[in-house]
Protein chains: 2
Amino acid sequence: MAEVGDCIFCRIVAGELPAEVVARSPHTLAFRDLDPQAPTHVLVVPTEHVADAAALGPEHAALLAELAVTAREVAEAEGVRDRGYRLVLNVGDDAGNTVPHLHLHVLGGRRLEWPPG
Amino acid sequence: MAEVGDCIFCRIVAGELPAEVVARSPHTLAFRDLDPQAPTHVLVVPTEHVADAAALGPEHAALLAELAVTAREVAEAEGVRDRGYRLVLNVGDDAGNTVPHLHLHVLGGRRLEWPPG
């Protein structure tokens, strides 16, 4: 594994920081957001460090599919698969991104409003 | 190409319905949302019909990478790459999904609030 350094999500993946893990796959980990915005609010992250959605390219194809499948498994386990859920990726300051390790927000369990922020 | 049928995004891809196209790649098309929620509000869709994010699996790996790259190209072309942008996928009623053809919302050009809906 690459050096963990100061990235808090790399440290969660490495088990150095606690998190309420709800699902995992070979290259993804899903854990609850510490400041949940809906009854279900889970973050799905790649276990290897990727900065954000703007850093994604063809080399991440398999990883992206794995993230999507883990997100669906989270939705199913949380019982929100049928009612629906929202997936969100934030890039940069205007989107309020605060952790520079790609994380897919999975939100559900309530009616989600529009616009999405 | 598969039968276009009544899917409005398949019909846009087929050129049967108008849209303001801003980017395209071999398997994706990006066009402006008709009810924009931010200065930049573009939808990136696969040219082949995929129902929604819950229908994604390993067979969509390359497509997902292509969607991510097209989304970044849209952000760059719109001048929001550096300030930031938000990517949103809605699944089902609780998320307000209205068109059953996978579409990645790209929103930017203003400060996006939290929660994301």
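Everything below is about the structure printed above this text.
In this convention, every chain numbers its residues from 1, walking through the sequence in written order. Starting at A for chains and at 1 for ligands, labels are handed out in the order in which the entities are written. pLDDT decides what is reported in this predicted model: residues at 70 or higher carry local features, side-chain atom pairs at 80 or more are listed and counted, and totals for whole chains, interfaces and linings draw on all residues regardless. Hydrogens and water are ignored here; the side-chain numbers use all heavy atoms of the structure.

Focus on the packing of aromatic side chains
To describe a pair of aromatic rings, you give the distance between the ring centres and the angle between the ring planes.
Residue and element names in this part refer to chain A.
Here comes step 1: Only Phe, Tyr and Trp rings are paired, with Trp represented by its six-membered ring, and only when their centres lie within 6.5 Å; those with planes under 30 degrees apart are stacked, over 60 edge-to-face, the remainder tilted. Under the counting rule described, the total for this entry stands at two aromatic pairs over all chains.
Here comes step 2: Between Phe-9 and Phe-31 the ring centres are 5.4 Å apart and the planes differ by 70°, which places this aromatic pair in the edge-to-face class. Placement of Phe-9 in helix H1 (residues 8-13) and of Phe-31 in strand E2 (residues 28-32) is noted, with a sequence separation of 22 residues between them.
Here comes step 3: Under the relative-accessibility criterion, Phe-31 is labelled buried at 2%. The numbering of helices and of strands both runs from the N terminus, where a helix is a DSSP run of H or I of at least 4 residues and a strand a run of E of at least 2. Only protein chains enter the calculation, and the probe is 1.4 Å; a residue is then buried if its accessible area is under 20% of its type maximum, exposed if over 50%, and partly exposed in between.

Some thoughts on the packing of helix H2 (residues 61-78) of chain A against helix H2 (residues 61-78) of chain B
Here comes step 1: Only C-alpha atoms enter the line fits that serve as axes; for helices the fit covers just the stretch in contact. Angles between N-to-C directions range over 0 to 180 degrees. The geometry of H2(A) relative to H2(B) is characterised by a closest axis approach of 7 Å and an angle of 100° between their N-to-C directions. Classed by the angle they form, the pair H2(A) and H2(B) counts as roughly perpendicular. Residues A:Ala61, A:Ala62, A:Leu64, A:Ala65 and A:Ala68 of H2(A) form the contact with H2(B), whose own contacting residues are B:Ala61, B:Ala62, B:Leu64, B:Ala65 and B:Ala68.
Here comes step 2: Class assignment for the residues of the contact of H2(A) with H2(B) results in 10 nonpolar, no polar and no charged. Roughly parallel refers to an angle under 35 degrees, roughly antiparallel to one over 145, roughly perpendicular to one between 65 and 115, and oblique to any angle outside these ranges. By definition in these notes, contact holds between two residues if any of their heavy atoms fall within 4.5 Å. Residues are grouped as follows: Ala, Val, Leu, Ile, Met, Phe, Trp, Tyr, Cys and Pro are nonpolar; Asp, Glu, Lys and Arg are charged; all remaining types, including Gly, are polar.

Let's talk about the pattern of salt bridges
All names here are of chain A.
Here comes step 1: A side-chain nitrogen of Lys or Arg and a carboxyl oxygen of Asp or Glu constitute a salt bridge if their distance falls within 4 Å. Counting across every chain of the model gives 10 salt bridges over all chains.
Here comes step 2: Two residues, Arg-32 and Glu-78, come together in a salt bridge whose shortest N-O distance is 2.9 Å. Residue Arg-32 is found in strand E2, and its partner Glu-78 is found in helix H2; the two are separated by 46 residues along the sequence.
Here comes step 3: Judged by its relative accessible area of 25%, Glu-78 is partly exposed.

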